[in-house]
Amino acid sequence: MNDKQLMNRAADNIRILAASMVEKAKSGHPGGAMGGADFINVLYSEFLEYDPANPNWEGRDRFFLDPGHMAPMLYSQLGLIGKFSMDELANLRQWGSTTPGHPERDLERGIENTSGPLGQGHVFAVGAAIAEKFLAAKLGEEVMNHTIYAYISDGGIQEEISQGAGRIAGTLGLDNLIMFYDSNDIQLSTECSEVTSEDTAAKYKAWGWHVIEINGNDCDQIRQALTEAKAVKGQPTLIIGKCIMGKGALKEDGSSFERNCKTHGAPLGGNAFVNTVKNLGGDPENPFQIFPEVQALYAARAEELKAICAKKYAAKEAWAKANPEKAAKMEAWFSGAAPQVDWSKVQQKADDATRNASAAVLSVLAEQVENMICASADLSNSDKTDGFLKKTKSFVKGDFSGAFFQAGVAELTMACCCIGMALHGGVFAACGTFFVFSDYMKPAIRMAALMELPVSEEMLGAYLEGNLHGSELREVQNIIEQDSFVADIISDTDDILQMNNELSNPWMEDSFSGGLIEDQDFQLLMNNDFALPEIIMDASLEIEENLIQDATLANLPSGLEEDSTHVGLNDGDNVNGINEAYNEL
């Protein structure tokens, strides 16, 4: 157990770094990061088990951050363990920096998930916990016995998706999941009391969670809560930590700046920043530094981690010798390599409904892809994901030997859980629903795209059900957030998003502003509502270079005339000729 004075000093170090990052950037969110410093310091200095030399180690504990605006807290903590330099921290929110305003997945840097839209990050953690339980049933708890940690804020608790995550985690008894709730009662524009009066502890208890309530800025109470949580069986744990927004912050006149909405989303500013850094024991002229005693704290933890990892690696080696077939499976599954599937086993009927055709494929995948999880949001017997389910069984509390995830009526939660499964690694996750519910899933589709994850989302158009079961995915504005994403995801996973021209309503043709890249094998819809034409052309070039040799760029809006910034392309212009046009931009 570390000395309390030392632990408080380390937390103050995080507070100084977080406030300084935002101050230098002239934008950001210092208050929450300062309030959460005590928890993340205890977690990383005493509990989180990982291998600094092997960030992809499948047996590591995983930490999922939900409130991405608290990036300064995470970056500062990762700076203490050597994942970021002080210069990188000082470059927060700058173009091309390694420290964007919201964290982006980077295992080498210790970041498990991209975060930003409140609510999704902790659901990724739920999915990761499900994946671990599934893999433990397949491979054995000797190698799948780590802990999934999540961090959620008041905003994340308020997001509707938290209900789906809380219900599912409690129902499945995910005792490998520990979530810290930073309950500081302050939001960006109001105090929480103005928008909610719920008893959050009672709500999670009703869902079957073990709930612990503590002072979230007391390292001793945090340590005790984490120790208790790790011993709980059959329940996920919620630690409600009453934290102080902007802990340690002072105003220009030296009075307290704590528990103030103004510290949530703006730099402390001027003398308030200077006073705060001094109050926390730092140097306002040189705030980007790690105190010597804090360096020693984390150097000691690094040595502890070496011993912890050595013990776990030895156990893994003994398990592998005793279970060579399982060891080979684990290596293959965590490599991310595509599974071997005998597609000749798929038997399709002429003119059959698409959902039945999907079921025929899922049935074969259930038999041949042992590490695949299929999910449905209370539609398995309607969208025919039961083609998979009939060859296995659903997850239930205490039994994850099946491979089907019944999410209940919660499409966004289901999708985010599947993303969490993919983030954990070792599994292929797929979920199915009707097109209309894809509208609920757009935030998850976007996050999966940003993280370049091979999560399959089967969306079936059920025309017999009428217009209410259709959808206009053309409204997904620029799913391809980065011009290189399409080529990367295709070349990396052979995962191609296939859609057809019928997605555009005939009476809204004038408003359609997307383009199709076509060849004889597939059509790839690229929506252009918010993307520059040159991004489409650049993606087209990368696709051609990586995969498609004879594609054509078709159905681009006729209004894209050639001018100083845009080059108009006519229907049928071959991708091979785009390079010349692109160079004119």
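**Focus: the overall build of the protein**
Along the backbone of the protein there are 20 helices and 13 strands. Scored against the burial criterion, the 585 residues of the protein give a buried share of 56%. Counting only carbon and sulfur atoms, one obtains 47% of the accessible surface of the protein, whose full area is about 24900 Å².

**Some thoughts on the pattern of salt bridges**
Under the definition given, this model contains 21 salt bridges. One salt bridge connects D175 with K133, and the closest N-O pair in it is separated by 2.6 Å. Here the residue D175 occupies a position in the loop between α8 (161-172) and β3 (177-183), and K133 occupies one in helix α6 (residues 120-139), the gap between them amounting to 42 residues. For D175, a relative accessible area of 22% puts it in the partly exposed group. Judged by relative accessible area, K133 falls into the partly exposed class, the value being 22%. We note a salt bridge from K391 to E367, for which the minimum N-O separation is 2.8 Å. Here the residue K391 occupies a position in the loop between α15 (386-389) and β7 (404-406), and E367 occupies one in helix α14 (residues 354-368), the gap between them amounting to 24 residues.

**Structural notes on the nonpolar core**
Core analysis: the biggest nonpolar cluster contains 81 residues, and V126, I130, L174, L177, W209, F405 and I419 have the highest contact counts within it. At 12 residues, the largest contribution of residues to this core is made by α6. Once residues lying within four places of it in the same chain are set aside, the contact partners of V126 are A165, I168, A169, L174, L177 and C417. In this structure, I14, V22, F63 and Y75 belong to the second largest nonpolar core, which totals 64 residues.

**Brief notes about the sheet that holds strand β1 (residues 62-65)**
Overall, parallel pairing links the five strands, which are arranged β1-β2-β3-β5-β4 in an open sheet. Only two strands of the sheet have a single partner each, and these edge strands are β1 and β4 (210-215). For this sheet, the mean angle separating the axes of adjacent strands, direction not counted, is 20°.

**As for the confidence of the model for the protein**
Taken over all residues, the pLDDT of the protein has a mean of 84, while the share at 70 or more is 78%. Confidence drops under pLDDT 50 across residues 461-585; counting only partners more than four residues distant or on other chains, this segment forms 207 contacts.

**Focus: the packing of helix α1 (residues 4-25) against helix α4 (residues 71-80)**
At a minimum axis separation of 9 Å, α1 and α4 run at an interaxial angle of 125°. When the axes of α1 and α4 are compared, the pair comes out oblique. As α1 packs across α4, the resulting crossing turns out to be right-handed. Taken together, the residues of α4 that come into contact with α1 (itself represented by A10, N13, I14, L17, A18, M21 and V22) are P72, M73, Y75, S76, Q77 and L80. Residue classes in the contact of α1 with α4 are distributed as 10 nonpolar, three polar and no charged.

**Re helix α3 (residues 37-47)**
When you tally the buried positions in α3, you get 11 out of 11 residues, the bulk of the element. Taken together, the buried positions of α3 are A37, D38, F39, I40, N41, V42, L43, Y44, S45, E46 and F47.

**Some thoughts on the environment of A131**
In this fold, A131 is placed in helix α6. Residues A131 and F400 lie 269 residues apart in sequence; the distance between their C-alpha atoms is 9.3 Å. In this structure, A131 is in contact with M421, H424 and V427, ignoring residues within four places of it in sequence.

**Looking at the side chain of D154**
Along the polypeptide, D154 turns up in helix α7 (residues 154-158). Here D154 occupies a buried position and makes no salt bridge, while the nearest side chain of opposite charge, K242, is found at 6.1 Å. In this structure the side chain of D154 is engaged in a polar contact, spanning 2.5 Å, whose partner is the side chain of Y181. The residues touching D154, leaving out its near neighbours within four places in the chain, are Y181, D182, S183, N184, D185, I186 and C192.

**Topic: the pairing of strand β6 (residues 372-376)**
Of all five residues in β6, five are buried, a share of seventy percent or more. Because side chains alternate across β6, one face comprises the buried residues M372, C374 and S376, and the other comprises I373 and A375, equally buried. Pairing between β6 and strand β8 (residues 428-434): five bridges, direction parallel. The residue of β8 that forms the bridge with M372 is F428. Across three bridges, β6 lies against β7 in parallel orientation. Each bridged residue has a counterpart across the sheet, and for C374 the counterpart in β7 is F404.

**Concerning the packing of aromatic side chains**
Under the counting rule described, the total for this entry stands at 14 aromatic pairs. An aromatic cluster is built from F39, Y44, Y50, F63, Y151 and F180, whose rings are joined through pairwise contacts. For R9, the ring lying beneath its charged end belongs to F291, and the centroid distance is 3.4 Å.

**Quick word on the packing of helix α16 (residues 411-424) against helix α17 (residues 435-450)**
Running from N to C, α16 and α17 point in directions that differ by 25°, and their axes come no closer than 8 Å. The angle between the axes of α16 and α17 places the two elements in the roughly parallel class. The handedness of the crossing between α16 and α17 is right-handed. Across the interface between the two elements, E411, L412, M414, A415, C416 and I419 of α16 pack against F437, Y440, M441, P443, A444 and A448 of α17.

Definitions and limits used
- Residues numbered from 1 in each chain as written.
- Predicted model: local features only at pLDDT ≥ 70, side-chain atom pairs only at ≥ 80, totals over all residues.
- Heavy atoms only, no water.
- Helix = DSSP H or I, 4+ residues; strand = E, 2+ residues; numbered from the N terminus.
- Buried < 20%, exposed > 50% of the residue type's maximum accessible area, 1.4 Å probe, protein only.
- Areas by Shrake-Rupley, 256 points an atom, 1.4 Å probe, with all protein chains shown as cover.
- Salt bridge = Lys/Arg side-chain N within 4 Å of Asp/Glu carboxyl O.
- Core = buried A, V, L, I, M, F, W, Y, C linked by side-chain atoms within 4.5 Å.
- Contact = heavy atoms within 4.5 Å.
- Pairing = 2+ DSSP bridges.
- Axes fitted to C-alpha atoms, helices over the stretch in contact; angles between N-to-C directions.
- pLDDT = per-residue confidence, 0-100.
- Parallel < 35°, antiparallel > 145°, perpendicular 65-115°, else oblique.
- Left-handed = near helix turned anticlockwise from the far one by under 90°.
- Nonpolar A, V, L, I, M, F, W, Y, C, P; charged D, E, K, R; others polar.
- Lys, Arg positive; Asp, Glu negative; His and termini not counted.
- Polar contact = N/O pair within 3.5 Å; in protein donor to acceptor, adjacent residues only side chain to side chain.
- Phe/Tyr/Trp six-rings, centres within 6.5 Å; stacked < 30°, edge-to-face > 60°.
- Lys NZ or Arg CZ within 6 Å of the ring centre and 35° of its normal.

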